[in-house]
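These are the residues of each chain, in order.
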Amino acid sequence: MNSIWSIRTGIRDFLESIYRTGRSWIEKYPFIKTAYTIFSWLSLILFVLSLFFVKESRTMMVQYLWSFYVLLQFWFLCRSKTIPWKQIVLFVLAGVFLVVPFTTLTVNALHVLFGGSTSDTWSIAVITPIFEELWKLLPLGIFLLFSRRASALSLSDYTLIGAATGVGFQLMEELSRRWLSSGPLEEKFGYSFTWLGGETIHWDLFSLFPGRFEESVFPTLMTVGHPVHTAMIALACGIAYRLRTKLTKWVFLFPVIILLWAILDHAAYNGQHQLPGWVLQLHDWTGSGYKTQPTFLLMLAASIFADYWSLNKIRNRLPSLPNEPLLNPFTELWNMTRSFCLDRGKFIYWLGFYRERRELGFHLLYGNEEAASRQEPIDARVKALCQALTGFAIILLVAGLFTGIGTYASGGETACFACMFDSLQDWWDRLDWYEQGAILLGALALSLLFVGFWPAFGIAMTGMGIAGSGHEIAGYIRDPKKLLTPENALSVAAGIILSRIPFGKALSWVGKKGRSYVRKLLDKLGSRKPDTDVPVKPKPPKHDGPGKHQDDPKKPDDDPKKSDDNPKESDDDSPPNKDKADEGTEQDETIGNMVKVKNKTTYTNPAGNELTWVDQPPKNINRAIDHFLNSKDVGKATEAKVADFVRNKTDVEVKAYAQKVEKSDGQFAGDLDVVTKDAIIEVKASIRSVKVDQFNKFTDPTHELFFNPENKKVVLYIDKSLSNLRPEQQAMLETIKSKGVTIINSLEDLKGVI
């Protein structure tokens, strides 16, 4: 025993010294890392190019994706795992580069010694199943022999190690079949199709552990894929090792029995038409291969239960979060899924905390002296992650507390927690691209003080995403039921996918920016015609107060004699009811359909889109203006200054202030800065925050988000001076003026306009 121990430690120390030497060389000669990085990128580029020109590369990619999908299923089901993904990938590579060559070498060596060929029945149905199932356990055996943490594995770790090795083995086996298959039958039906059996290898997207072997024409038996067999045997080894102290040594017969069962399934399928009848009869007694996967799933469920049962015995020695009296996989899965969908910045913390807490628990439960050397750093990492998650929880608690205080202080009015996100996006949208870039770089630099580059980059991009989606987040806060609609669920899923793939945010930005141009192009081609009853030439907004629109149609009760008395006004080029407009005695008819129910207005614009807003009582308007007069947000303070001037220095009443307009699904459609009886005042602190498209919502009835139903005059107030404008800014102002918008630059001018 001492000899084995000395050999084991000697080999491990030798390999670790090689590893440390390699690391020191990399630190001493940084060009090694640079050269490797360049080589990796060139290899990736060449592989991507080969997908377009080399058929075998596409074939390899297909099989790789199937194998990756199988491994993901095991990764999801093994809830008590402690081994990280990077180490699991090493076992996949071991299945490819160790097990496959070693198995091939062994089988060929036997044929050299005893004769025959690999196509003989005894080779296919006897030798091959035995050595394949045995050698797939080599990576597990090597890991248990040399790893310091071998004694502190969970049962899910055994399962994952076996599954990963089986995935690597099956990847190479199926890839060889795909590459070597040829002929018209394979070209038409696939690489695994036979005349008598039909489809024999099944890669089904919606099945558990795809890659099973079964004839589709009159199936009588089947065998699961290599990952399931190897995972099942490895799990049996873990169970036997875990129970060795409670039961007798005979418990190690359990993995032997599972190994023989796997060999029998494999052999019966390979030699189903040549093996003796007693072998097939024995295979029939064990379920003909159909009982293997259910048995494995029962073993996996029992092992996960046993792992968490053991962890709960020492939960008082493990860090725990508030409201977590019992350690269980369901709470962990819920928290990780929720953070992945709603707050991906915390996902990595949840993932690391739960995995490393389980690792610490199994070190405390089963770790030997070698494993104890790893216990202290794991404990430190778990505590750091726990503190981070607790800090997040405290921040949310404090934010909720201040929100409640604000609600109480405002006399029980609608909570303005959602308004914080609206204000955040308003501020973000007013920034120029270089200002947004500077903020991104600053957040990245600050994050790099605490985490690595990619986590820091993720934190910075998450912050940008929150700032740029404030209106949408506010809409969900106001009406959480919107998250339950199918279209929003698909939208959230698409957003998650885009944010996880490389350049996904760039694709989202391109789609957002290009949507308006595509819509205009479709309109020009005539393939997108709004289903409206608007005139061909829509009415521009009013310029001279209520009822003074020069294109107002003649009302049915207008006196026709007024046109006869003044022939100049009855000229064909003059509006038919100009006198009526000049009197200002009537308002124009509503554009679209507007319905008021209590304090909520639902407006269907000419484009057929439904928009809603909540009418604001005068006391709420005055309170909001007073609140934002001293705001640090320049945009909000400017809006409040203009509204305060209107209510105190003019005879005009402020009808709405910072009024939010939403779509029928609750998403943000726009806002109204200051509204009077006859005018909509769009307030900007400077010309930098002016956007042309924003005014189409007030002036163009064919716009999908048009919300100026009473055809009020549109006024653009810019607080800062308009001198020394750049040519593009001057052109933008001319474009806005052409839409009928009045542009002013001082409060005194505003007084004369409204």
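Residues numbered from 1 in each chain as written. Predicted model: local features only at pLDDT ≥ 70, side-chain atom pairs only at ≥ 80, totals over all residues. Heavy atoms only, no water.

Position of Ser67 among the secondary structure elements: in helix H3 (residues 55-77). A relative accessible area of 5% places Ser67 in the buried class. Dropping the residues within four chain positions of it, Ser67 is found in contact with Val167 and Leu171. (Helix = DSSP H or I, 4+ residues; strand = E, 2+ residues; numbered from the N terminus. Buried < 20%, exposed > 50% of the residue type's maximum accessible area, 1.4 Å probe, protein only. Contact = heavy atoms within 4.5 Å.)

Let us look at the sheet that holds strand S3 (residues 201-202). Taken together, three strands build an open sheet; the order of strands is S3-S4-S5 and the sheet is antiparallel. Each edge of the open sheet is held by one strand with a lone partner, namely S3 and strand S5 (222-223). In this sheet, strand S4 (residues 212-214) lies alongside S3 in antiparallel orientation, the contact comprising two bridges. Of the residues in S4, the one forming a bridge with Ile201 is Phe213. On top of the sheet, helix H7 (residues 155-180) reaches S3 and S4; it is set at about 50° to S4, its chief contact. (Pairing = 2+ DSSP bridges. Axes fitted to C-alpha atoms, helices over the stretch in contact; angles between N-to-C directions.)

Moving on to unusual backbone geometry. The phi angle at Phe209 is positive, at roughly 55°, despite the residue not being glycine. Relative to the assigned elements, Phe209 resides in the loop between S3 and S4. Here the phi dihedral of Ser288 falls at roughly 55°; this positive angle occurs in a residue that is not glycine. Inspection of the secondary structure assignment puts Ser288 in the loop between helix H11 (277-285) and helix H12 (292-313).

What follows covers the pattern of salt bridges. Taken as a whole and judged by the stated rule, the model has 21 salt bridges. Where Arg647 meets Asp626, a salt bridge forms, and the shortest distance between an N and an O atom there is 2.4 Å. Of this pair, Arg647 sits in helix H25 (residues 634-649) while Asp626 sits in helix H24 (residues 618-628), and the two are 21 residues apart along the sequence. Of the residues examined, Arg647 reaches a relative accessible area of 22% and is grouped as partly exposed. (Salt bridge = Lys/Arg side-chain N within 4 Å of Asp/Glu carboxyl O.)

A word on helix H10 (residues 253-270). Taking 1.5 Å as the rise per residue, H10 with 18 residues should run 26 Å; its terminal C-alpha atoms sit 26 Å apart, in good agreement. Considered for burial, the residues of H10 that qualify are Pro255, Ile258, Leu259, Trp261, Ala262, Ile263, Leu264, Asp265, His266, Ala267, Ala268 and Tyr269. Packing partners of the buried residues in H10 comprise helix H5 (121-135), S4, S5, helix H9 (226-242), H11 and H12. (Expected span 1.5 Å × (residues − 1).)

Residues with a pLDDT of 70 or more make up 76% of the protein, whose mean pLDDT is 79. Confidence drops under a pLDDT of 50 for residues 402-415, and excluding neighbours within four residues, the segment shows eight contacts in the predicted structure. Within the model, the stretch residues 526-588 combines pLDDT values under 50 with 86 contacts to residues more than four positions away or in other chains. (pLDDT = per-residue confidence, 0-100.)

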